[in-house]
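Spelled out, the chains give:
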Amino acid sequence: MKTCIYPGTFDPITNGHLDVLHRACRMFDQVIIAVTDNPDKKTFFSTEERIRLVSENLEATPNARPMAFSGLLVDFAKAQGATVLIRGLRAVSDFEYEFQMALMNRHLDAEIETILVMTKEGYNYTSSSLVKQVAAYGADISDFVPANVDAALRARHDLST
Ligand code: PNS
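In this text, all values refer to a predicted model and were calculated from it rather than measured experimentally.

Q: Would you mind going over the pairing of strand β2 (residues 30–36) in detail, with residue names and values included?
A: The buried fraction of β2 is high, at seven of seven residues. Side-chain alternation along β2 places Gln 30, Ile 32, Ala 34 and Thr 36 on one buried face and Val 31, Ile 33 and Val 35 on a second face that is also buried. Bridging between strand β1 (residues 3–8) and β2 involves six bridges; their strand directions are parallel. Paired with Ile 5 across the bridge in β2 is Ile 32. The parallel pair β1 and β2, bridged by helix α1 (residues 15–27), forms a crossover whose chirality is right-handed. The pairing of β2 with strand β3 (residues 64–69) spans six bridges and is classified as parallel. Of the residues in β3, the one forming a bridge with Ala 34 is Met 67.

Q: Could you give an account of helix α2 (residues 47–55), with specific residues and numbers?
A: Regarding α2, the residues found buried are Thr 47, Arg 50, Ile 51, Leu 53 and Val 54. Each buried residue of α2 lies within a common arc of 160 degrees when the element is viewed along its axis, so the set occupies one face. On the buried face of α2, the contacting elements are β2, β3 and α6 (147–156).

Q: Tell me about the side chain of Ser 127, and please be specific about residues and values.
A: With respect to the secondary-structure elements, Ser 127 resides in the loop between β5 (113–118) and α5 (128–135). Assessed through its relative accessible area of 14%, Ser 127 is described here as buried. Within polar-contact distance, the side chain of Ser 127 engages the backbone nitrogen of Leu 130 at 3.1 Å. Beyond its immediate chain neighbours, meaning those up to four positions away, Ser 127 contacts Thr 14 and Arg 90.

Q: Tell me what's going on with the layout of surface pockets, and back it up with residues and numbers.
A: In this model, the largest pocket occupies a volume close to 950 Å³. In terms of lining, the largest pocket is formed by 36 residues, of which the most central are Pro 7, Gly 8, Thr 9, Arg 87 and Tyr 97. Elements represented by at least two residues in the lining of the largest pocket include exactly β1, α1, β4 (84–89), α4 (92–108) and α5. The biggest single contributor to the lining of the largest pocket is α4, with eight residues. In terms of residue class, the lining of the largest pocket is built from 11 nonpolar, 17 polar and eight charged.

Cut-off values and rules
Residues numbered from 1 in each chain as written. Predicted model: local features only at pLDDT ≥ 70, side-chain atom pairs only at ≥ 80, totals over all residues. Heavy atoms only, no water. Buried < 20%, exposed > 50% of the residue type's maximum accessible area, 1.4 Å probe, protein only. Helix = DSSP H or I, 4+ residues; strand = E, 2+ residues; numbered from the N terminus. Pairing = 2+ DSSP bridges. Right-handed = clockwise from strand over helix to strand, strands pointing away. Arc of directions from axis to C-beta. Contact = heavy atoms within 4.5 Å. Polar contact = N/O pair within 3.5 Å; in protein donor to acceptor, adjacent residues only side chain to side chain. 1 Å grid on protein atoms, 1.4 Å probe; cavity = no way out; pocket = protein on both sides within 12 Å on 5 of 7 lines; lining within 4 Å. Points joined across faces, edges and corners; volume = space filled by probe spheres on them. Nonpolar A, V, L, I, M, F, W, Y, C, P; charged D, E, K, R; others polar.

Written out as structure tokens, the structure reads:
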């Protein structure tokens, strides 16, 4: 049983994240979507909300499940019996940060490998922060996020549906 970890803040999950998840689920028997639960990191949605928004979008990927994690990612991966981390690359500009994280994680645990997956073209400029930013002004974000996230953002901003 090959398990990989797809870690992130997922604040909130976007269609770009779901695209990476689908690709991971085709390569691995089991994918754990590791949602960071870091009390020092201020997020728009709580950890419970972020997990719910993820779990409501897993019909097409039955071999994926979300879990909250805190502490070092490599320790979480080890505890789950996984040695592979999956991260998405939208553009070359993502590469430097991802490269640094991959090498740091490998330094922390030499068994851990990172696989960088290229997102589908069209998601190159989809990010959780941009989506939150434009949603706050009432812009239509339905092309970028699943319906439950659209609804959750609208509800938080008290916008009509
Ligand atoms: O979606 P994000 O915000 O880019 O995800 C970043 C995340 C959560 C994967 C990263 O911050 C992380 O792994 N945090 C856990 C602490 C840790 O292990 N840090 C060292 C990673 S180099």
